[in-house]
Every structure is written in structure tokens, then in C-alpha cells.
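# Architecture and fold: a report
Okay, here's what each chain looks like letter by letter:
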Amino acid sequence: MSGPLDTFSEMESIAHQNAQLELRGQQNAIKLMKTYQKRCAEQGKVIPIAAVFQGSCNRKICEYAEDMDAELLVLASRGLGNFKRFLLGSVSDYCVHNCKVPVLVVKDEMNKDSG
């Protein structure tokens, strides 16, 4: 039989696991951004600025691009199908329609046939 202490202990465990996943996600995002930032810099044609945001970041991305006086905001498409995009929303769609900075959405080669 499960008691209050068991439930609290389980909640702590889940919270710890979530924190670990969040940290790994941040680390992976930063690593990926640095990789692409380096590739862009090697081309010598752009000065890339990379940022990682958490949670609902639609407005944050637009505000950040405007604050940085960006000439262009480049976003990657996750390749969601129409139904998932409808349910989950699309950051790139929001930015295309709401940013004051020009937006370029790059579709992932692996997902080019979806949606």
C-alpha cells in the first residue's frame, strides 16, 4: 500500500528526472547551436548569433532578434505534419507573421516530405 511518503518520494524522483532531462536538452541545444554557428562563421558571409530559449518562446525569439538588430532571423522547421502543427502550434509560423525582422525558415532535409 502506498502512503504519503512514498508519493512524495516518487514526486521528488520525477522532479529530479525532469531536471536532468531539461539540463541535457539545454546542453544538446547549445552544442548544436555552436556547431551551426561555427559552420556559418566559416563561410565568412554572416555573423551568426545563437540563443537557446525554453518553454513558449515565440515572443522571446522575435523580441531577441529585434533587440539584437538582426538583419535576418533563421529558424529550423521541425517538420511537423499539418495536424501536429495545428495542435502544437508553430514557432516559425508565429515568427513569420509577427517578427519585425525578416524570417527565413529552413526545412530539415530528413523531414522534407512531411507536412
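It should be noted that the structure appears before, not after, this text.
The paragraphs below set out a description of the structure included in this document. (Residues numbered from 1 in each chain as written. Predicted model: local features only at pLDDT ≥ 70, side-chain atom pairs only at ≥ 80, totals over all residues. Heavy atoms only, no water.)

### Focus on helix H2 (residues 58–67)
Restricting attention to buried positions, one finds in H2 the residues Ile61, Cys62 and Ala65. Along the axis of H2, the buried residues cluster in a sector spanning 95°; they form a single face. Facing away from the buried side of H2, by more than 90 degrees, are the exposed residues Arg59 and Asp67. Contacts made by the buried residues of H2 are with strand E1 (73–77) and helix H4 (91–98). Immediately downstream of H2, the backbone of Asp69 shows phi near 55°, a positive value. (Buried < 20%, exposed > 50% of the residue type's maximum accessible area, 1.4 Å probe, protein only. Helix = DSSP H or I, 4+ residues; strand = E, 2+ residues; numbered from the N terminus. Arc of directions from axis to C-beta. Contact = heavy atoms within 4.5 Å.)

### Describing the nonpolar core
Where a protein is soluble and globular, its nonpolar side chains tend to be buried together. Counting nine residues, the largest nonpolar core is built from Cys57, Ile61, Cys62, Ala65, Leu73, Leu75, Cys95, Cys99 and Val101. Where this core is concerned, the elements lending two or more residues are H2 and E1. Of all the elements, H2 adds the most residues to this core, at three residues. In contact with Val101, not counting residues within four places along its chain, are Ala65, Glu66, Ala70, Glu71, Leu72 and Leu73. (Core = buried A, V, L, I, M, F, W, Y, C linked by side-chain atoms within 4.5 Å.)

### Section: a nonpolar patch on the surface
Nonpolar side chains collect at one region of the surface, where Leu72, Val74, Leu104 and Val106 lie side by side and expose about 320 Å² of accessible area between them. Relative to the helices and strands, Leu104 is located in strand E2 (residues 103–107). (Patch = residues over 30% accessible without salt bridge, like charges linked within 9 Å, V, L, I, M, F, W, Y side chains within 5 Å. Areas by Shrake-Rupley, 256 points an atom, 1.4 Å probe, with all protein chains shown as cover. Salt bridge = Lys/Arg side-chain N within 4 Å of Asp/Glu carboxyl O.)

### Considerations on the state of the cysteines
Under the counting rule described, the total for this entry stands at one disulfide. Between the sulfur of Cys62 and that of Cys99 lies a disulfide, 2.1 Å long from S to S. Since a negative S-S torsion denotes a left-handed disulfide, the Cys62-Cys99 link at about -90° is left-handed. Placement of the pair is Cys62 in helix H2 and Cys99 in the loop between H4 and E2, with a sequence separation of 37 residues. Like Cys62, the residue Cys99 is buried in the burial classification. Not engaged in a disulfide, the cysteine Cys57 finds its nearest cysteine sulfur in Cys95; these two sulfurs lie 7.5 Å apart. No disulfide involves Cys95; its sulfur sits 3.7 Å from that of Cys62, the nearest cysteine. Cys95 sits in the buried class, given a relative accessible area of 0%. (Disulfide = S-S within 2.5 Å.)

By themselves, these figures tell us nothing about what the structure is for.
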